Amino acid sequence: MQMNNWSRRGLLGAAAVSLAGLATASIAEVPSSHASAEARAEAAVKKMTRDEKLTLVLGYFGSDWEGKKPPTPARYGSAGYVPGIPRLGIPPQWQTDAGVGVATQGGAATKRERTSLPSGIATAATWNPDLAFQGGRMIGSEARASGFNVMLAGGVNLARDPRNGRNFEYGGEDPLLAGIMVGSQIAGIQSNNIISTTKHYALNDLETGRKGHDVRIDPAAARMSDLLAFQFAIERGDPGSVMCAYNKVDGDFACENDWLLNDVLKGDWGFRGYVMSDWGAVHSTVKAARNGLDQQSGYPFDDKPYFGSLLKQAVASGQVSTTRLDDMAERVLYAMYAHGVVDNPVAEGGAIDVAANEAVSQADAEQAIVLLKNEGNLLPLGANVRRIVVIGGHADKGVLAGSGSSLVYPRGGNAVPGLDPTGWPGPVMYFPDSPVRELQRLAPNANVTFVDGTDPAAAAAAARAADVAIVFGTQWSGESIDVPMKLDGNQDELIDAVAAANPRTVVVLQTNSGVAMPWAPRVPAILEAWYPGTRGGAAIANILTGRANPSGHLPVTLYASQSQLPRPVRPGANSEMDEFALPYSEGAAVGYKWLDRNNLQPLFPFGHGLSYTSYEYGPISAAAGPNGAVRVQFTLRNSGSRAGAAVGQVYASPASGGWEAPKRLVGFAKVDLAPGTARIVSVDVDPRLLATFDEAAHAWQIAPGSYKLMLGASSRDLRSKTSVTLPALTLPASWRPGQEAAAPTPQRGERGR
Ligand code: BGC
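Residues numbered from 1 in each chain as written. Predicted model: local features only at pLDDT ≥ 70, side-chain atom pairs only at ≥ 80, totals over all residues. Heavy atoms only, no water.

Spatial ordering of the open sheet is given by 21-22-25, a layout of three strands whose pairing is antiparallel. Taken across any chain shown, the strands that pair with only one partner, and hence form the sheet edges, are strand 21 (615–624) and strand 25 (678–685). When the angles between neighbouring strand axes are averaged without regard to direction, this sheet yields 20°. (Pairing = 2+ DSSP bridges. Helix = DSSP H or I, 4+ residues; strand = E, 2+ residues; numbered from the N terminus. Axes fitted to C-alpha atoms, helices over the stretch in contact; angles between N-to-C directions.)

What follows concerns the side chain of Asn 549. Summarising the element assignment, Asn 549 is placed in the loop between helix 17 (536–545) and strand 20 (581–583). Take Asn 549: its relative accessible area is 16%, and that puts it in the buried class. Apart from residues lying up to four places away in sequence, Asn 549 is in contact with Ile 543, Ser 611, Tyr 612, Thr 613, Tyr 615, Arg 642, Ala 643 and Gly 644. (Buried < 20%, exposed > 50% of the residue type's maximum accessible area, 1.4 Å probe, protein only. Contact = heavy atoms within 4.5 Å.)

Around the ligand sit 13 residues, and of these Asp 97, Arg 166, His 200, Asp 278 and Glu 479 come closest. Contacts to the ligand include Asp 97, whose side-chain N or O atom sits 2.5 Å from an oxygen atom. The separation between an oxygen atom of the ligand and a polar side-chain atom of Arg 166 is 2.8 Å. Calculation on the ligand without its partners gives an accessible area of 310 Å², and the protein chains cover 96% of this total. When the residues that make up the shell around the ligand are grouped by side-chain class, the tally is five nonpolar, two polar and six charged. (Near = heavy atom within 4 Å. Polar contact = N/O pair within 3.5 Å; in protein donor to acceptor, adjacent residues only side chain to side chain. Areas by Shrake-Rupley, 256 points an atom, 1.4 Å probe, with all protein chains shown as cover. Nonpolar A, V, L, I, M, F, W, Y, C, P; charged D, E, K, R; others polar.)

In the structure shown here, the tally under the stated rule is eleven aromatic pairs. For the pair Phe 168 and Tyr 531, a centre-to-centre distance of 5.4 Å together with 65° between the ring planes defines the contact as edge-to-face. In this pair, Phe 168 sits in the loop between strand 4 (150–151) and helix 6 (175–190) while Tyr 531 sits in the loop between strand 19 (525–528) and helix 17, placing the two residues 363 residues apart along the sequence. Of the two residues, Phe 168 and Tyr 531, neither departs from the other in class, the shared state being buried. On the basis of an interplanar angle of 80° and a centroid distance of 5.1 Å, the ring pair of Phe 693 and Trp 700 is categorised as edge-to-face. As far as the burial class goes, Phe 693 and Trp 700 line up, both buried. Ring pairing ties together the aromatic residues Trp 127, Tyr 592, Phe 606, Tyr 651 and Phe 668, which thus form one cluster. In this arrangement the basic side chain of Lys 211 is found over the ring face of Tyr 246, its NZ or CZ atom lying 4.8 Å from the centre. The ring of Trp 659 carries the charged tip of Arg 664 above its face, separated from the ring centre by 3.9 Å. (Phe/Tyr/Trp six-rings, centres within 6.5 Å; stacked < 30°, edge-to-face > 60°. Lys NZ or Arg CZ within 6 Å of the ring centre and 35° of its normal.)

Quick look at the sheet that holds strand 29 (residues 717–726) now. Note on sheets: strands pair through backbone hydrogen bonds, and any given pair is parallel or antiparallel. The antiparallel open sheet is built from four strands, whose spatial order is 24-23-28-29. Edge strands, defined here as strands with exactly one partner in the open sheet, are strand 24 (664–673) and strand 29. The mean inter-strand angle of the sheet, taken between neighbouring strand axes irrespective of direction, is 20°. Pairing geometry for strand 23 (residues 644–654) and strand 24, over nine bridges, is antiparallel. Residue pairing in the sheet places Gln 649 in a bridge with Phe 668 of strand 24.

Our next topic: helix 17. With ten of ten residues buried, helix 17 is to be regarded as a mostly interior element. Tucked inside the fold, the buried residues of helix 17 contact helix 13 (354–368), strand 14 (399–400), helix 14 (435–442), strand 17 (468–474), strand 18 (505–510) and strand 19. Directly after helix 17, the chain includes Gly 546, whose backbone phi takes a positive value near 85°.

Attention shifts here to the environment of Leu 439. When you line up the elements, Leu 439 lands in helix 14. A relative accessible area of 1% means that Leu 439 is categorised as buried. Measuring from C-alpha to C-alpha, the distance between Leu 439 and Val 390 comes to 9.6 Å, with 49 residues separating the pair along the chain.

Attention now moves to helix 15 (residues 456–464). An α-helical segment advances 3.6 residues per turn. Residues three or four places apart therefore align on the same side. For helix 15, every residue scored as buried is listed here: Ala 459, Ala 460 and Ala 463. Buried residues of helix 15 fall within an arc of 100° about the axis and therefore sit on the same side. Seen from the open side of helix 15, the exposed residues pointing more than 90 degrees away from its buried face are Ala 457 and Arg 464. Where helix 15 is buried, its residues meet strand 13 (387–391), strand 16 (447–451), strand 17 and helix 16 (491–501). For helix 15, the capping residue at the N-terminal end is Asp 455, with a side-chain oxygen 3.0 Å from the backbone nitrogen of Ala 457. (Arc of directions from axis to C-beta.)

Turning to the state of the cysteines, a few remarks are in order. Here the structure, examined in full by the defined rule, presents one disulfide. A sulfur-sulfur distance of 2.1 Å marks the disulfide that ties Cys 244 to Cys 255. Torsion about the S-S bond of the Cys 244 and Cys 255 cystine: about 110°, corresponding to right-handed handedness. Here the residue Cys 244 occupies a position in strand 7 (residues 241–244), and Cys 255 occupies one in the loop between strand 9 (252–253) and helix 9 (258–268), the gap between them amounting to eleven residues. (Disulfide = S-S within 2.5 Å.)

Worth remembering: the numbers are spatial, not functional.
Next comes the structure, spelled out in structure tokens:
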């Protein structure tokens, strides 16, 4: 198939360029570790038998499943295993989930106990790419120490619906924020000489029907939303691998979707690594192989070994070309060489610096916690607060985690074992870091008591007798399910009862994503702590007592009600197998963009987050350079009396309209500021964020005219404005930062299709 040859040429072409400067030795014959990854991959493939190539493109589930055992060299209780080729020095691929740390799959009798970061959405709420990198570096180091060289981390599906049960694994609703934060985490993971796998490509934004629903979206709208998030993450993180998703996109399963895999990912974006399937996401051999899938994962999750004996037959009969099989194997090897997997073998039993790793997780959690509301400066808790009652959420025992394949088992075990569901996608897990214990430690002069909250009347009575009541509200979620946009059980009634009994009530939320807060008007202080990870109890207590100043900002809109969503009634019957069409009529207008477009007032807007100090934002200025470059400069000042970290958010809006929504986030920066100090910050705006994607021209188009640039503390709190005038500009679909605006990218026809 010509297109696949084209993709392959992309890879080999790059090899030719990077080889040009090398000395005379025949790299193809003697690939040393100094040769380029492309050259080494190409040389290795040349030496391989067909069966060896086939070995690299079929992965096995690494745990017991439905009575079937994994191959013996798999790491116990792991996500996956792909055999190596010892005679060529190619190690096996040992694959582990996922984005918050080294997971163990539910069936395994022994769990590896590892450090968990806060959830992905929490890390996004830090708006701090450096912290995301450090978190990635930390979990990647534990993956290496546990004998894994492929980490299935880097989830960047956009939060289109707060009920998506996997929002906690992703980076929020905005393509720029999500792409930068997740891309930074990927780079951190890969700094350990292992591969990270960004996922789930693409548009797997709902768990209901994830294995059968068909997302219908205008291709240009996809390029400006979910695909843009992947594009930014891939450019920033350079992941070795991309995991294609379960769902269909515009009629074809994502793992056999020619447009997603060949045209966009490998064609326009020039992705040189390999595409691995999600576990059980493959439906064909010939179509999948031709349309861009490079490695089938997690067999026997799929009903057939599509990339095993069936691919062998397809290559033998010519239905899949030998060139394409070479390309598949070469892509896998390229990623392994490029990311140090071959030269730096992993082994089990490596040392883990628990204290250092937990400190990374705690720093992430502290910066992730969003102070949503703080009337009368109820927080931080002052020294005069003598009687504190903590209510509910098992806060005497620990902090909640999100479940599913990404679940990390903590040292010390589940703090609240036995909660339903105890099986998949559970267990419900509480990490043993108790907020109550931490509060008792930090506020030795206060009497901190705990009431479990099962009886709202008893909780109200305890609240009445306290100076301050702190209710812990929880919403558990896990892979393969969606969740209602509310706290679990009767916690809304509990909070109402407590707030009625004591006007000095604080609510601390641990949720998948945003929930409705019918009690919000009656509660003076609210913290969103997401799933805060291994040291979540300490992080929450530090924020409550003011040892840490809140600096998190919402990476998602908190909706006032479900009626504000593009699809108020969630489609499907909450089974991952449901088959239905899922039209994304909102197109690229995700989250705040949708609300802005429809003039709707959120409960708390995207980007919102208070602190214990105050900041001034501005002035802002902007200058336009060649090739769509726009540099924005602004001042952030700490005008209060505590040290803190301010997040400057820059939104753009074209005077002539024409975007999916009135404005887009086009840049951001988080800076530490001592009281009374100011910093001037420069941010370069990616021109694709000032453009719309034009399918017919296969290019990004910036319309000529004036663009307003607004600096603020949230998407609805814009304090300083400026504008720039931009000329018309066309950037090819293949454009990348640092490139000149060049001739348009080859069209489909020119690629020989
Ligand atoms: C999930 C992936 C995960 C894989 C391996 C799938 O069910 O969707 O995110 O990486 O399992 O455990």
